[in-house]
Amino acid sequence: MKKLQLLLRWVLLSLFVVLPAAAAGGDPSTEIALIFTVSFMVFVIATLMYIIGVMNTNIDPIADLYFRIKHYVIPPPSEVAPDVGHVYDDITELDNRIPPWFNYLFVGTILFAFVYMLDYHVFGVSNLPEAEYIEEVVAANLQKKIMLASGGTINENALVALKDDASLKEGAENFQKFCVSCHGPQAGGLVGPNLTDEFWIHGGGIKNVYTTIKKGVPAKGMISWELVFTQKQMQNLGSYVLSLQGTNPPGGKAPEGTKYVEPAVAAAADTTAQKSL
Ligand code: HEC
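Computed from a predicted model, the values in this text were never measured in an experiment.

> Honestly, the environment of Gly246 in this entry has me stumped. Any pointers?
Within the secondary structure, Gly246 is located in the loop between α9 (231–243) and β4 (258–259). Judged by the 8 C-beta atoms lying within 10 Å of it, Gly246 falls in the exposed class.

> Would you mind going over helix α5 (residues 129–149) with me for this structure?
Owing to its 3.6 residues per turn, the α-helix aligns residues three or four sequence positions apart on the same side. The end-to-end C-alpha distance of α5 is 30 Å, a good match for the 30 Å that 21 residues give at a rise of 1.5 Å each. Burial within α5 is sparse, with just 0 of its 21 residues counted as buried. Note on α5: the residue one or two positions beyond its end, Gly151, has a positive phi of about 75°.

> Even after reading the chapter, I still don't get the packing of helix α8 (residues 205–215) against α9, so can you show me in this structure?
Two packed helices can be described by the angle between their axes and the distance between those axes. Look at α8 against α9: their axes get within 9 Å of each other, and the N-to-C directions meet at 125°. Classified by the angle their axes make, α8 and α9 are oblique. Crossing handedness for the pair α8 and α9: right-handed. From α8, Ile206, Val209, Tyr210, Ile213 and Lys214 reach across to α9, where they touch Met234, Gln235, Leu237, Gly238, Ser239, Val241 and Leu242.

> Looking at this structure, how should I read the site of the ligand?
Taken together, 25 residues lie around the ligand, and Cys179, Cys182, Gly192, His202 and Met222 are the ones closest in. Taken together, the elements giving at least two residues each to the shell around the ligand come down to α6 (165–178), α7 (180–183), α8 and α9. Classifying every residue of the shell around the ligand gives 16 nonpolar, 7 polar and 2 charged.

> I tried to follow unusual backbone geometry on my own but got confused; where do I start?
Positive phi values are uncommon outside glycine, yet Asp90 reaches one of about 70°. You can see Asp90 is positioned in the loop between β1 (83–88) and β2 (91–94). The phi torsion at Asn248 lies on the positive side, around 50°, for a residue other than glycine. For Asn248, a count of 12 C-beta atoms within 10 Å translates into the label exposed.

Each value, and the rule that gives it
- Residues numbered from 1 in each chain as written.
- Predicted model: local features only at pLDDT ≥ 70, side-chain atom pairs only at ≥ 80, totals over all residues.
- Helix = DSSP H or I, 4+ residues; strand = E, 2+ residues; numbered from the N terminus.
- Buried ≥ 20, exposed ≤ 12 C-beta atoms within 10 Å, placed from the backbone.
- Expected span 1.5 Å × (residues − 1).
- Axes fitted to C-alpha atoms, helices over the stretch in contact; angles between N-to-C directions.
- Parallel < 35°, antiparallel > 145°, perpendicular 65-115°, else oblique.
- Left-handed = near helix turned anticlockwise from the far one by under 90°.
- Contact = placed C-beta atoms within 7 Å.
- Near = placed C-beta within 6 Å.
- Nonpolar A, V, L, I, M, F, W, Y, C, P; charged D, E, K, R; others polar.

This is the structure in structure tokens:
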């Protein structure tokens, strides 16, 4: 009866291994699943033929081995731990078996290592760190190219506050979507400070405001937005924020930081900067 169970398990196990592999084999990009399925089938058939032909369907040795391994991992409940022969303060030392969960873990690490080796080193399905890094760099370069092609980049060294309607409108839209939760619908401030007064914690003027938006103030809860927006979008946001100067929305927060005065030199530099964009 036990032997029959064992055979049944063997067949079930093969089904569990072969079916998912066969399903994955449908993916044209990977022939590995197919190779794996076929090798496994060959192995199963060879084993069965060996059992039938060579062992005359006598699977006792296999069953023995199986139960010996099984009992090593999970000691049969009837087993009594042998006495080591040491008694301390009336406490007897028994040679208890290693607990099953530990053995499972141990065998698990071996299986994992095996799968890992096949995956990373034999078939090369998953990328090693170096290849992974290169892939990321390639992806980033591609993204950069797309950004450049989409006109999303600007010359950050020659920033100017834009005044045209289209830029301010886009800035306003993004502000309504991403910033009002902390700065209020009219930028009067909620968790974040009032952005409509002349006082700035991180400096006023387009350059400072742009940098604050780009880098964020993570320590205070404002994330860095450079992965969310293109440079142009951040310029539009900054320009929009600055266009709100002096609007004094109702319920606005008290000024924070220091009063910002635009340096005269920077203003002059800005006019020439426009050309280099
Ligand atoms: C999760 C809340 C949160 C969101 C969302 C947020 N901010 Fe902020 N922001 C803050 C906080 C808090 C500060 C103040 C940081 C400090 O005290 O140093 C701040 C500061 C600023 C400052 C500098 C203010 C100063 O006084 O120097 C600017 C400019 C700014 N945010 C713009 C934006 C823009 C534009 C957006 C949307 C893209 C945005 N913030 C989204 C929380 C937020």
